[in-house]
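In case you want the letters, here they are:
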Amino acid sequence: MDKPDGDSIEGLSPAISIDQKSTSHNPRSTVGTVTEIYDYLRLLFARIGHPHCPACGREISHQSSDQIIDEIQRLAKSEKRKARILILAPVVQDRKGEFAQLFEDLRKKGYSKVRVDGEIRPLDEDFVLIKTNKHSIDVVIDRLVIPADRKRLADSSEQALKLGEGNLVAAEILDKSFEIPEFPKNLKDHLFSEKFACPVDNVSLPEIEPRTFSFNSPHGACPVCTGLGTLLEVDPELVFNLRLSIAEGGILPWSRTLTHDTWFTRLVEKVAEVKGFSLNTPIGELGEGVRHFLLYGSDEVFEVEGENRFGRRTTIYENFPGVIANLSKKYKETDSDFARHEIEKFMRIQVCPECKGAKLKPEALSVTVDGKSIAKISSFSITETANWIDKLIQNQGNILSAREITIGKPILKELATRLKFLIDVGLDYLTIDRTAATLAGGEAQRIRLASQIGSGLSGVLYVLDEPSIGLHQRDNSRLITTLKKLRDLGNTVIVVEHDRDMMLAADYIFDFCP
């Protein structure tokens, strides 16, 4: 291609294409995250939310140092069953860096040990942390046997609270030894805070931050489902073909494996021999107890004999894990996408039993505004959320205190604006927690359109591909009004469209024919 006859081209606007095909397939992406509504909800709950005890539900507040000392003393089961603990001051929590200067400052202050990423280490040891990794660092203040002398415990606790900025960790030593080990390995942490704690259930909450409500962060995500709200689990109904025997491939995930002479095949044969069932009997004719055993296995050890690869006769001792445990382990440990895909054929998506689909830790779900958790608000439709935000702005029923109104006003304003944009493009029926991957092409396009209006850019060329697809005729006028707002911000909007009302509202029409 020849070089064009021109030295420069001026006046071209940056172009943004808003098409129908670029819907996110990330399972963590939701309507709330795409539009930044959830980000502002996290900020709102972090700033004016009321924390409650996840155990008993009562609202909790700051805990005094005397209350913390009493709770630490109660870690001992009795006078005879004493507890060995370390008093720790958390100084770094999940932050990147080498922290060489922090370690040097701690040495100068006379501290001798720290816990780095769960491991107790002496400060006189020359160690370097990986700068790009996240680290957690606790300073070892004291080692005590509980119940302890109250004055010594009070001094250590006050020192830890001061260094930890109001937070203290009493790490119970579970190592099997009579004395307190120099570098204990097995510790059970008990968090205490001058900020938020329940004196009844001995539950302390860390400082409430926006990341506390993020299901994409380990600080807020449910530890069982890692913030997805669902789990892929092996479904017993998909594992068996009841008309076939085990020898004929009736255990579908193992149908190929059991055709070869492997140690696993010999184990299955031994199991059948010991448990008294035949590999040639259709699985549907086996007893309920046998099928349950094949699914879930047991800890019973079986003696399996056979030739190894060198032709020598040998014996191994193995337990039978069962189909479900076997597949679950392989799914978690394999690095092969193909193997993972094959196992997924026998799995179904199920709601997480821990968070019940809410995606967050109990500590995050226990923080409320107007008696509602962030998960509850996320389950609302756009219209319901807008009405709730309007209720907070008007402070109906004195929901918010004067301080909370001052803090929440700018956040509520941003939320109301973004929600109105979504209503204007006809998406008032969507819920905040709706997964982006489940949106239709037109819905995803209009969500991005609303986000662009919220960004307030000007001087941009927007290209849209039939944004009215899937939109009810009554909502067309709202979409047209939204596009005009985008134009009035100083942008050029090009719409590929066949809708009559859209064409009549356009400033210019270009008709391309065959």
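This structure is a prediction, so every number in the text was calculated from the model and none was measured. (Residues numbered from 1 in each chain as written. Predicted model: local features only at pLDDT ≥ 70, side-chain atom pairs only at ≥ 80, totals over all residues. Heavy atoms only, no water.)

Asker: So what about the sheet that holds strand β1 (residues 15-18)? Which residues, and what values?
Answerer: Adjacent strands of a sheet form backbone hydrogen bonds with each other and so pair up, either parallel or antiparallel. The three strands lie next to each other as β1-β16-β17, forming an open sheet whose pairing is parallel. Two strands bound the open sheet, and with one partner strand each, they are β1 and β17 (492-496). Shown here is a sheet whose adjacent strand axes are inclined to one another by a mean of 15 degrees, direction ignored. Here strand β16 (residues 461-465) pairs with β17 via five bridges, running parallel. When the sheet's bridge partners are listed, L464 is paired in β17 with V495. On top of the sheet, helix α15 (residues 441-455) reaches β1 and β16; it is set at about 145 degrees to β1, its chief contact. Those strands touched by helix α16 (residues 476-488) are β16 and β17, and its axis lies near 145 degrees from that of β17. (Pairing = 2+ DSSP bridges. Helix = DSSP H or I, 4+ residues; strand = E, 2+ residues; numbered from the N terminus. Axes fitted to C-alpha atoms, helices over the stretch in contact; angles between N-to-C directions. Contact = heavy atoms within 4.5 Å.)

Asker: So what's going on with the packing of aromatic side chains? Which residues, and what values?
Answerer: Here the distance between the centres and the angle between the planes together describe a pair of aromatic rings. Across all of its chains, the model carries six aromatic pairs by this definition. A ring pair is formed by Y38 and F215, whose centres lie 5.2 Å apart and whose planes are at 45 degrees; its orientation type is tilted. Here the residue Y38 occupies a position in helix α2 (residues 37-48), and F215 occupies one in the loop between β9 (203-205) and β10 (230-234), the gap between them amounting to 177 residues. By relative accessible area, which is 6% here, Y38 ends up buried. Taking relative accessible area as the criterion, F215 reaches 6% and is therefore assigned buried. Aromatic ring contacts, followed pair by pair, group W254, F264, F293 and F320 into a single cluster. Its guanidinium or amino end placed over the ring of W263, R266 lies 4.5 Å from that ring's centre, counting from NZ or CZ. (Phe/Tyr/Trp six-rings, centres within 6.5 Å; stacked < 30°, edge-to-face > 60°. Buried < 20%, exposed > 50% of the residue type's maximum accessible area, 1.4 Å probe, protein only. Lys NZ or Arg CZ within 6 Å of the ring centre and 35° of its normal.)

Asker: Give a description of the nonpolar core that names residues and reports values.
Answerer: Judged by nonpolar contacts, the single largest core of 56 residues is most densely connected at L41, L44, F45, F213, W388 and L449. Looking at this core, the elements with two or more residues in it are α2, β8 (196-198), α12 (374-378), α13 (382-394), α14 (402-424), α15, β16 and α16. Looking at this core element by element, the count peaks at seven residues for α2. With residues near it in sequence (within four places) discarded, F45 still touches I208, F213, V367, T368, V369, K372, S373, I374, I377 and W388. Judged by nonpolar contacts, the second largest core, of 32 residues, contains I85, V114, V116 and L144. (Core = buried A, V, L, I, M, F, W, Y, C linked by side-chain atoms within 4.5 Å.)

Asker: Which residues make up the packing of α14 against α15, and what values do they have?
Answerer: Where α14 contacts α15, the two axes come as close as 9 Å, and the packing angle between them is 140 degrees. Accordingly, the angle class assigned to the pair α14 and α15 is oblique. In this structure, α14 meets α15 at a crossing whose hand is right-handed. Residues R418, F421 and L422 of α14 pack against I447, A450, I453 and G454 of α15. (Parallel < 35°, antiparallel > 145°, perpendicular 65-115°, else oblique. Left-handed = near helix turned anticlockwise from the far one by under 90°.)

Asker: Can you explain the pattern of salt bridges? Please cite residues and give values.
Answerer: Summed over all chains, the structure comprises 29 salt bridges. A salt bridge links E273 to K270; its shortest N-O distance comes to 3.8 Å. Taken together, the positions of E273 and K270, both in helix α7 (residues 263-275) and three residues apart, correspond to about one turn of that helix. Across the salt bridge formed by E414 and R418, the nearest N and O atoms sit 2.6 Å from each other. Taken together, the positions of E414 and R418, both in helix α14 and four residues apart, correspond to about one turn of that helix. Assessed through its relative accessible area of 13%, R418 is described here as buried. A single salt-bridge network, built from bridges that share partners, covers E36, E414 and R418. (Salt bridge = Lys/Arg side-chain N within 4 Å of Asp/Glu carboxyl O.)

Asker: Go over the environment of G229, please, and point to the residues and values.
Answerer: By the secondary structure assignment, G229 is in the loop between β9 and β10. On the accessibility criterion, G229 (2% relative accessible area) is buried. Each C-alpha atom, one on G229 and one on T35, is 20 Å from the other, the two residues being 194 residues apart in sequence. Setting aside its immediate chain neighbours within four residues, G229 contacts V351, C352, C355, G357 and K359.

Asker: Before we move on, can you summarise the side chain of S157 with the specific residues and values?
Answerer: With respect to the helices, strands and loops of the structure, S157 is situated in helix α5 (residues 150-163). Residue class for S157 comes out buried when judged on its relative accessible area of 1%. A polar contact is formed between the side chain of S157 and the backbone oxygen of L153, at a distance of 2.7 Å. In this structure S157 touches I69, I72 and L168, once residues within four positions along its chain are discounted. (Polar contact = N/O pair within 3.5 Å; in protein donor to acceptor, adjacent residues only side chain to side chain.)

Asker: Tell me about the environment of S379, and name the residues and values.
Answerer: By the element assignment, S379 lies in the loop between α12 and α13. Sequence separation between S379 and R434 is 55 residues; the distance between their C-alpha atoms is 8.2 Å. What S379 contacts, discounting residues up to four positions off in sequence, is T431 and D433.

Asker: How would you sum up the sheet that holds strand β5 (residues 134-146)? Please name residues and give values.
Answerer: A sheet is described by the order of its strands in space; here six strands give the open sequence β4-β3-β5-β2-β6-β7, paired in antiparallel fashion. Edge positions in the sheet fall to β4 (119-122) and β7 (187-193), since each has one partner strand and no second. Adjacent strand axes in the sheet meet at a mean angle of 35 degrees, parallel and antiparallel pairs treated alike. Examined bridge by bridge, strand β6 (residues 167-173) and β7 share seven bridges and lie antiparallel to one another. Paired with E172 across the two strands is K188, which belongs to β7. Against the sheet, helix α3 (residues 65-73) engages β2 (83-96), β5, β6 and β7, with an angle of about 160 degrees to β7.

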